[in-house]
Amino acid sequence: MTTTLNDEVRAFWERQPCGTQKEFTGALERGSKAWFEQVEEHRYRVEPFIHGVAQFTRHTGKTMLEIGVGAGTDHLQWARAGCRCHGVDLTDAAIETTRRRLDLYGLRSDLRRLDAETLPFPAASFDLVYSWGVIHHSERPERIIAEIHRVLKPGGRFIGMMYNLWSVAVLKQWVRHGLLAGRPWRSLDDLVWHHIESIGTKAYSRPALHRLFAAFERVETRSLITPYDRYRFPGWLASQFPDPWGFFTAIDAVKRASAS
Ligand SMILES: C[S@@+](CC[C@H](N)C(=O)[O-])C[C@H]1O[C@@H](n2cnc3c(N)ncnc32)[C@H](O)[C@@H]1O
């Protein structure tokens, strides 16, 4: 049987859901409430802007789908905010971790392991689709985006984050694996593909992201400086980096309310 890119992506993320590395959780028992709380504390300390982008509590009562739940930290916030939650991920590790996590708090979600390039939900099922740092890992991101558009109700909203090609974090990959490795001709796309997390990762300029989301009526993108951009720079310098140089691009897209 041939191995697809998404088989390799899945194998990478099955090793451990992101954000659950021992360096963040120390000696805490994996899967315990204290361990999950440490994972949550770490996530929102290093990526505090997630709350401003997602605005979890503004969506109370909505039917939402999260694509790529990972360790379930944001999924927990959607459930806490009183959304009717559905979540999918390519890995069993993510689905089992998220299920255990919600169980610990007495919260519920319809969680399924699947490849989001094909979603099993009828058209116009969701008020909101959320996906943080996921779509660019898949072999065919454009298929996931087409599926998001299909499963959103008319007027429904997508909130998410994808990687920014023209960012300090990506340029650092060029310095390390291009310039210092004696191969300065390597393209940024090639460096992101081979050196950022799972094999086949992609990053996009903001115009390229707008083209990917062209089926939506309104699309807003905003890049954000992250710790991954600032890492290895002295604080006085890193604090000057403007947000447009940031590795994360937040996306807020609305599906047309009617066919007219
Ligand atoms: C960087 S992690 C992000 C997880 C979570 N959203 C977060 O922010 O912590 C990427 C996740 O995307 C999932 N993923 C990658 N490709 C996918 C696909 N085609 N369908 C569903 N999930 C996918 C991986 O299994 C992994 O859990």
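Residues numbered from 1 in each chain as written. Predicted model: local features only at pLDDT ≥ 70, side-chain atom pairs only at ≥ 80, totals over all residues. Heavy atoms only, no water.

**Considerations on the site of the ligand**
This is how the line gets drawn: Only heavy atoms are used to decide nearness, and a residue is near a molecule or strand if one of them lies within 4 Å of it. Definition of a polar contact: a pair of N or O atoms within 3.5 Å, with one able to donate and the other able to accept a hydrogen when the atoms are protein atoms, and with sequence-neighbouring residues admitted only if both atoms are side-chain atoms. Accessible surface is estimated by sampling points in the Shrake-Rupley manner with a 1.4 Å probe; for residues, cover comes only from the protein chains shown. The secondary structure listing takes helices from DSSP runs of H or I that are at least 4 residues long and strands from runs of E that are at least 2 residues long, numbered from the N terminus. The classification used treats Ala, Val, Leu, Ile, Met, Phe, Trp, Tyr, Cys and Pro as nonpolar, Asp, Glu, Lys and Arg as charged, and all other residues, Gly among them, as polar.
In the vicinity of the ligand there are 20 residues, among which R43, G68, D89, W132 and S138 approach most closely. Interatomic distance of 2.9 Å between a side-chain N/O atom of D115 and a nitrogen atom of the ligand. A distance of 2.9 Å is found between a nitrogen atom of the ligand and a backbone nitrogen or oxygen belonging to W132. For the ligand, the accessible surface in isolation is 600 Å², of which the surrounding protein chains cover 96%. It is helix α1 (residues 5–15) that contributes the most residues to the shell around the ligand, three residues altogether. Counted by class, the shell around the ligand contains 10 nonpolar, seven polar and three charged residues.

**A closer look at the side chain of R101**
The cut-off we apply is this: Any residue under 20% of the maximum accessible area for its type is buried, any over 50% is exposed, and the rest in between are partly exposed; the area is computed with a 1.4 Å probe on protein chains only. Positive charge is attributed to Lys and Arg, negative charge to Asp and Glu, and no charge count is given to His or to the chain ends. Just to be clear on terms, a salt bridge is a Lys or Arg side-chain nitrogen sitting within 4 Å of an Asp or Glu carboxyl oxygen.
Among the secondary structure elements, R101 is positioned in helix α6 (residues 92–104). An unpaired buried charge is present at R101: no salt bridge exists, and E40, the closest side chain of opposite charge, is 4.2 Å distant.

**A closer look at the packing of aromatic side chains**
What counts is decided by this rule: In this analysis, rings of Phe, Tyr and Trp, with Trp reduced to its six-membered ring, are considered paired at centre separations within 6.5 Å, and the interplanar angle assigns stacked below 30 degrees, edge-to-face beyond 60, and tilted for intermediate values.
One pass over the full model with this rule turns up 18 aromatic pairs. With 4.7 Å between their ring centres and 70° between their planes, F56 and W78 make a pair best called edge-to-face. Taken as a pair, F56 in the loop between α4 (49–54) and β1 (63–67) and W78 in helix α5 (residues 73–80) lie far apart in primary sequence, 22 residues in all. The buried category is assigned to F56, whose relative accessible area is 5%.

**Some points on the sheet that holds strand β2 (residues 84–89)**
Operational definition: Strands qualify as paired when DSSP identifies two bridges or more between them. All axes are obtained by fitting lines to C-alpha atoms, using only the stretch in contact for helices, and the reported angles, taken between N-to-C directions, cover 0 to 180 degrees. The contact definition used throughout considers only heavy atoms, calling two residues in contact when any of these lie within 4.5 Å.
In spatial order, the strands read β3-β2-β1-β4-β5-β7-β6; together these seven strands make up an open sheet with mixed pairing. Each edge of the open sheet is held by one strand with a lone partner, namely β3 (110–113) and β6 (218–224). Strand-to-strand, the axes of this sheet are offset by a mean angle of 15°, without reference to chain direction. Where β1 and β2 come together, five bridges link them in parallel fashion. From the neighbouring strand, I67 faces β2, where its bridge partner is V88. Lying over the sheet, α6 contacts β2 and β3, oriented at roughly 160° with respect to β3.

**Quick notes on the layout of surface pockets**
To be explicit about the condition: Put plainly, a pocket is an open set of points on a 1 Å grid over the protein atoms alone with protein on both sides within 12 Å along at least five of seven lines, a cavity is a set where a 1.4 Å probe fits but cannot get out, and a lining residue has an atom within 4 Å of a point. Grid points are joined across faces, edges and corners, and a volume is the space filled by probe spheres set on the points.
Of the pockets and cavities examined, the second largest pocket occupies roughly 250 Å³. In terms of lining residues, the second largest pocket is bounded by K172, Q173, R176, Y228, Y231 and R232. Considering each element in turn, the lining of the second largest pocket owes the most residues, three residues, to helix α8 (residues 168–179). Taken together, the residues that form the lining of the second largest pocket break down as two nonpolar, one polar and three charged.

**Here we look at the side chain of Q77**
Topologically, Q77 is positioned in helix α5. A relative accessible area of 9% means that Q77 is categorised as buried. Excluding its chain neighbours within four sequence positions, the residues that come into contact with Q77 are E40, Y44 and F56.

**Thoughts on the packing of α5 against α6**
For clarity, the cut-off: Between 65 and 115 degrees an angle is taken as roughly perpendicular, under 35 as roughly parallel, over 145 as roughly antiparallel, and anywhere else as oblique. Should the near helix be turned anticlockwise from the far one by less than a right angle, the crossing is termed left-handed; should it be turned clockwise, right-handed.
Close contact between α5 and α6 brings their axes to 10 Å; oriented N to C, the two are set at 40°. Classed by the angle they form, the pair α5 and α6 counts as oblique. When you trace α5 past α6, the crossing you get is right-handed. Between α5 and α6, the residues in contact are T73, H75, L76 and A79 and T98, R101 and L102, respectively.

**Concerning the pairing of strand β5 (residues 152–163)**
The criterion, for reference: Handedness rule for crossovers: strands pointing away from the viewer, path from the first strand over the helix to the second running clockwise, crossover right-handed.
Pairing between strand β4 (residues 126–132) and β5: six bridges, direction parallel. Its bridge partner being in β5, W132 is matched across the sheet by M161. Considered for its hand, the β-α-β crossover made up of β4, helix α7 (residues 141–151) and β5 is right-handed. Direction of pairing for β5 relative to strand β7 (residues 248–254): antiparallel, over a ladder of seven bridges. Within β7, the position partnered with F158 by the bridge is A253.

**What about the pairing of β4?**
Of all seven residues in β4, six are buried, a share of seventy percent or more. As paired strands, β1 and β4 are joined by three bridges and run parallel to one another. Paired with M64 across the bridge in β4 is L128.

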